[in-house]
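A structural walkthrough
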Amino acid sequence: YCDTAGKPVHILGVHIDITARKEAEEALRESEAVLKRSQAVAHIGYWSVDRRRNTVTWSDELKRILGLDPALHCNLDEALRRAIHPQDMRSVRDLRTHLRTAQEPEEIEYRILRPDGTVRYIWAMADAPERDGEGNVLRQTGVMQDITERKLRELENEQLLRRLQSTAEQLAHVVDSA
């Protein structure tokens, strides 16, 4: 407050201890860093569609899985649609249709084509959507994991098993003929 000459007479101040808020912010930053690192190590990313807020969120790792720059802002539906391998498009489309009425999480394996032309194998799981009292979808979340290395080992093992079975059949035929 000032006197009639304009000189301060009283000063009023407020002091608020924000230590707890600053500690909570730092803990949140650390938690986010751990989450990002964990996603990168596991090659797993997430997505979320919130119709109430009209937002779509997807992790940097999901963008990396699709072969996109994490700094890039683009439409998730469009990016995924472009990435799905043509031979797997029908099964992914069928799952998306089923998810509209799903009551349980659903999962699928399929291939994607990255912008550089490489093929990657994906495991994806979508949670059953959250709905309002009238059945309208409010929110849906899911994860996507790059399982290419595991899938390639499985395919190699299947080929090896077929060769071993063929060799065993040929040996059995030789033994029977002798």
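Below is a summary of the structure that appears in this document. (Residues numbered from 1 in each chain as written. Predicted model: local features only at pLDDT ≥ 70, side-chain atom pairs only at ≥ 80, totals over all residues. Heavy atoms only, no water.)

**Observations concerning the overall build of the chain**
- Within the chain, the secondary structure is distributed over 5 helices and 6 strands.
- Listing the helices and strands of the chain from first to last along the sequence gives α-β-β-α-α-α-β-β-β-β-α.
- The buried share of the chain, taken over its 178 residues, is 26%.
- Looking at the chain alone, contacts between residues at least 24 apart form 44% of all its contacts between residues at least 6 apart.
- Counting every atom, the chain has about 13200 Å² of accessible surface; 53% of that belongs to carbon and sulfur.
- Side chains of the chain carry 27 positive and 31 negative charges; the gap between the two charge centres is 4 Å. (Helix = DSSP H or I, 4+ residues; strand = E, 2+ residues; numbered from the N terminus. Buried < 20%, exposed > 50% of the residue type's maximum accessible area, 1.4 Å probe, protein only. Contact = heavy atoms within 4.5 Å. Areas by Shrake-Rupley, 256 points an atom, 1.4 Å probe, with all protein chains shown as cover. Lys, Arg positive; Asp, Glu negative; His and termini not counted. Charge placed at Lys NZ, Arg CZ, Asp CG, Glu CD.)

**Description of a nonpolar patch on the surface**
- Together, Val-14, Ile-16 and Ile-18 line one region of the surface with nonpolar side chains, adding up to about 320 Å² of accessible area.
- Inspection of the secondary structure assignment puts Ile-18 in the segment before helix H1 (19-42). (Patch = residues over 30% accessible without salt bridge, like charges linked within 9 Å, V, L, I, M, F, W, Y side chains within 5 Å. Salt bridge = Lys/Arg side-chain N within 4 Å of Asp/Glu carboxyl O.)

**A look at the packing of aromatic side chains**
- In this structure the tally under the stated criterion is 0 aromatic pairs.
- Directly above the ring of Trp-58 sits Lys-63, whose terminal nitrogen or CZ lies 5.5 Å from the centroid. (Phe/Tyr/Trp six-rings, centres within 6.5 Å; stacked < 30°, edge-to-face > 60°. Lys NZ or Arg CZ within 6 Å of the ring centre and 35° of its normal.)

**Observations concerning the nonpolar core**
- Judged by nonpolar contacts, the single largest core of 24 residues is most densely connected at Trp-47, Trp-58, Leu-66, Tyr-110, Ile-112, Ile-122 and Met-144.
- Only strand S1 (44-50), helix H2 (60-65), helix H3 (76-83), helix H4 (89-99), strand S3 (106-113) and strand S4 (119-126) provide two or more residues apiece to this core.
- In this structure Ile-122 touches Ile-65, Ile-108, Glu-109, Tyr-110, Ile-112, Met-144, Gln-145, Asp-146 and Ile-147, once residues within four positions along its chain are discounted. (Core = buried A, V, L, I, M, F, W, Y, C linked by side-chain atoms within 4.5 Å.)

**Here we look at the pairing of S3**
- Of the strand pairs in this sheet, S3 and S4 are connected by 8 bridges, and their pairing is antiparallel. Across the sheet, Ile-108 pairs through a bridge with Ala-124, a residue of S4.
- The antiparallel hairpin formed by S3 and S4 contains 5 residues in its connecting segment, where Gly-117 sits at a positive phi of about 95°. (Pairing = 2+ DSSP bridges.)

**Describing H4**
- Turning to H4, its buried residues number three or more, namely Met-89, Val-92, Leu-95 and Leu-99. One side of H4 holds all its buried residues, which, seen down the axis, span an arc of 130°. For H4, the exposed residues lying more than 90 degrees away from the buried face are Arg-90 and Arg-93. (Arc of directions from axis to C-beta.)

**Topic: unusual backbone geometry**
- Positive phi, close to 55°, is recorded for Asn-54, a residue that is not glycine.
- Within the secondary structure, Asn-54 is located in the loop between S1 and strand S2 (55-58).

**Topic: the pairing of S2**
- Bridge count for S1 against S2 is 4 bridges, and the pairing is antiparallel. Counterpart to Val-49 in the pairing with S2 is Val-56.
- Hairpin connection of S1 to S2: 4 residues between the antiparallel strands, including Asn-54 at a positive phi of 55°.

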